Amino acid sequence: MRPLALLALALLHSAAFPVDFSCFTPLAGLAAELNAESEQLMRSTFRQLWGELGLRHLGPEELKRLVAAEDPFLERETPPQLDTLKKHLGNYKRMIERKGWYGEATRTLLLEELRNLAAPHEAAEKSVAEAGGLNTLATWEAPVGNGFFSPDGHYFLSSDYDSRTYRTTLRLVDVKTGKAALVPWPNSWRPYGIHFSQDGKWLITQNHSTATLHVAPVAGGEIDFTKAFDVSFPRWKWFGGKAAGAVVNLVPLADSNQVYVTLSSSDRPYLVDLAKKTAAFSAEKRTSHFMGMGAIPGSSRIYFAVWGGEGEAVIKTAKVGATGKLEDVQELSRWAEGFDDGDPPRMAWSRDGQTGLATAGLSSALHVVDKAGTETFHCPQGPTKDPNYVVHAFFSADKKRVGVVSGNYTTGNRLHWYDRATKTWTPDPRGLTIPAGSNVAVNPAGDKLVFGAQNSPAKVLTLEPR
């Protein structure tokens with residue numbers, strides 16, 4: 001279980017699950033009344049709530065506005081993507097009020113933490129400017145609420161949620177020129193997951209509120225919305241004759257016209273045929289226990305993670321047959337450290353598709369998985385007491401090194417390289433700070449790392465070819 005879950009269990013549900021809070025004293029005067037251990041726990045709880053539920057949705061400008069409003073509990077009007085965070089902060093505030101801890105001293109303490117959360121963004125801007133002098137950075141006018149490269153690496157597609165208009169904007173960047181073009185997609189589309197087919201000929205998005213896929217053909221760097229179409233799923237008898245629930249896994253298969261999909265409301269997966277614009281139940285009987293699925297590059301196989309018991313994650317691979325049946329299922333590896341069954345493992349793959357790199361949840365652990373077994377190591381720790389977490393990881397071409405972006409919500413993130421033979425870490429010599437809450441992507445060739453956040457331009461860091 002992640003640290004946030006443990007702290008939330010203790011702090012947000014103390015009434016249902018009695019916890020000994022005797023280490024706290026009322027906050028009548030912060031310096032005199034609050035011991036160091038209590039203050040650290042209160043600060044870290046607030047920071048982790050914000051880190052996991054807030055920073056992924058807000059860019060530096062929104063953070064500055066919240067700091068200026070002196071509103072650490074989000075009691076004023078806020079954009080809807082912060083509703084979950086607002087609910088947890090409300091529970092947190094009510095708990096400390098019941099204990100007699102709440103007052104101006106508490107508010108000052110937590111407002112200070114909110115300023116600390118915004119500080120890495122300012123430090124990163126300075127770091128970006130300094131690194132730019134090495135000709136290693138470019139700027140794309142494409143905010144990266146989410147972003148990824150086309151399979152051939154020629155284009156970068158960014159999506160950005162604007163908290164002021166409540167709309168998602170798509171931009172397509174020509175990687176060679178760095179020019180970004182606004183993608184005028186239909187107003188009826190409310191996407192929350194965007195994918196390319198494996199050959200880059202289709203753009204596939206998941207609808208925000210219905211169990212529907214929106215699909216448009218892609219050719220020559222142009223997304224043709226005049227030929228776009230929707231794919232709906234067969235009706236599910238348990239939900240009044242309607243397909244319900246959210247898309248949990250969406251995996252474009254090696255056959256460009258096929259997509260493997262699981263819904264939250266169905267035990268059985270679906271096989272989508274884009275050429276026929278149809279979706280049908282697959283022959284696979286049950287995949288509701290799958291915690292994550294994805295395609296393996298350069299391979300006709302997919303991977304999926306399942307709960308192995310005893311706190312283990314099990315990574316398996318399989319081929320998807322013509323009817324959607326999973327065939328030739330093989331266990332690749334299993335591990336327990338850093339695994340949380342509520343958060344599917346994130347997987348990166350070597351270019352030959354033979355070796356996986358797994359991380360899960362808020363953890364410092366990385367796991368190299370292949371048929372030879374599992375190799376586990378941890379990202380380097382920073383100068384503060386706050387633990388560092390893996391944000392993004394990828395292989396070098398020869399698989400001898402692993403590039404890792406890691407850090408925490410206090411200091412921001414940095415890029416390090418891990419040598420698998422010597423088991424040593426080397427910081428990237430440019431010392432670039434990547435803001436906490438940034439989204440990170442690496443292109444297929446491994447020579448460009450893109451990072452950015454909501455409502456702020458993407459930064460492009462040149463890497464050595466991997």
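Structural data are supplied above this passage.
The notes below deal with the structure included here. (Residues numbered from 1 in each chain as written. Predicted model: local features only at pLDDT ≥ 70, side-chain atom pairs only at ≥ 80, totals over all residues. Heavy atoms only, no water.)

### Remarks on the overall build of the protein chain
- On a plain count of helices and strands, the protein chain comes out with six helices and 29 strands.
- Buried positions account for 53% of the 466 residues belonging to the protein chain.
- Long-range contacts, defined here as pairs at least 24 residues apart, represent 47% of the contacts in the protein chain between residues at least 6 apart.
- Summed over its atoms, the accessible surface of the protein chain is roughly 21,100 Å², and 51% of this surface lies on carbon and sulfur atoms. (Helix = DSSP H or I, 4+ residues; strand = E, 2+ residues; numbered from the N terminus. Buried < 20%, exposed > 50% of the residue type's maximum accessible area, 1.4 Å probe, protein only. Contact = heavy atoms within 4.5 Å. Areas by Shrake-Rupley, 256 points an atom, 1.4 Å probe, with all protein chains shown as cover.)

### A closer look at the sheet that holds strand S19 (residues 346-349)
- With respect to topology, four strands assemble into an open sheet ordered S19-S20-S21-S22, the strand pairing being antiparallel. Edge positions in the sheet fall to S19 and strand S22 (373-378), since each has one partner strand and no second. Within the sheet, the average angular offset between the axes of one strand and its neighbour, ignoring direction, is 25 degrees.
- Alignment of strand S20 (residues 356-359) against strand S21 (residues 365-370), held across three bridges, turns out to be antiparallel. Within S21, the residue paired with Leu-357 across the bridge is Val-368. (Pairing = 2+ DSSP bridges. Axes fitted to C-alpha atoms, helices over the stretch in contact; angles between N-to-C directions.)

### Remarks on the sheet that holds strand S18 (residues 326-335)
- Strand order across the open sheet formed by four strands is S15-S16-S17-S18, with antiparallel pairing between neighbours. Of all the strands in the sheet, the pair left with one neighbour each is strand S15 (290-295) and S18. Strand-to-strand twist in this sheet, taken as the mean axis angle between neighbours without regard to direction, amounts to 25 degrees.
- The sheet contact formed by S15 and strand S16 (residues 301-307) spans five bridges and is antiparallel.

### So, unusual backbone geometry
- Located in the positive-phi region is Leu-74, a residue other than glycine, with phi close to 55 degrees.
- Structurally, the position occupied by Leu-74 is in the loop between helix H4 (60-68) and helix H5 (83-98).
- Taking relative accessible area as the criterion, Leu-74 reaches 0% and is therefore assigned buried.
- The backbone of Asp-328 sits at a positive phi, close to 50 degrees, despite the residue not being glycine.
- For Asp-328, the location among the structural elements is in strand S18.
- Here Asp-328 falls in the partly exposed class, since its relative accessible area comes to 43%.

### Focus on the pairing of strand S14 (residues 278-281)
- Pairing geometry for strand S13 (residues 270-273) and S14, over four bridges, is antiparallel. Bridging across to S14, Tyr-270 finds its partner in Phe-281.

### Considerations on the pattern of salt bridges
- Under the counting rule described, the total for this entry stands at four salt bridges.
- A salt bridge links Arg-301 to Asp-328; the shortest N-O distance between them is 2.9 Å. You can see Arg-301 sitting in strand S16 and its partner Asp-328 sitting in strand S18, a full 27 residues away along the chain.
- Arg-420 is paired through a salt bridge with Glu-375; the nearest N and O atoms lie 2.9 Å apart. Within this pair, whereas Arg-420 is found in the loop between strand S25 (412-419) and strand S26 (424-427), its partner Glu-375 is found in strand S22, the two being separated by 45 residues in sequence.
- The class of Glu-375 is buried, set by a relative accessible area of 18%. (Salt bridge = Lys/Arg side-chain N within 4 Å of Asp/Glu carboxyl O.)

### Here we look at the environment of Ser-350
- If you trace the backbone, Ser-350 turns up in the loop between S19 and S20.
- Relative accessible area serves as the criterion here: at 2%, Ser-350 is assigned to the buried category.
- A sequence separation of 49 residues divides Ser-350 from Lys-399, and the C-alpha atoms of the two residues are 6.8 Å apart.
- Beyond its immediate stretch of four places on either side in the chain, Ser-350 contacts Pro-297, Thr-355, Phe-395 and Lys-399.
- Here Asp-352 takes part through its side chain, which lies 2.5 Å from a polar atom of the side chain of Ser-350.
- One polar contact links the side chain of Ser-350 to the main-chain amide nitrogen of Gln-354, over a distance of 3.5 Å. (Polar contact = N/O pair within 3.5 Å; in protein donor to acceptor, adjacent residues only side chain to side chain.)

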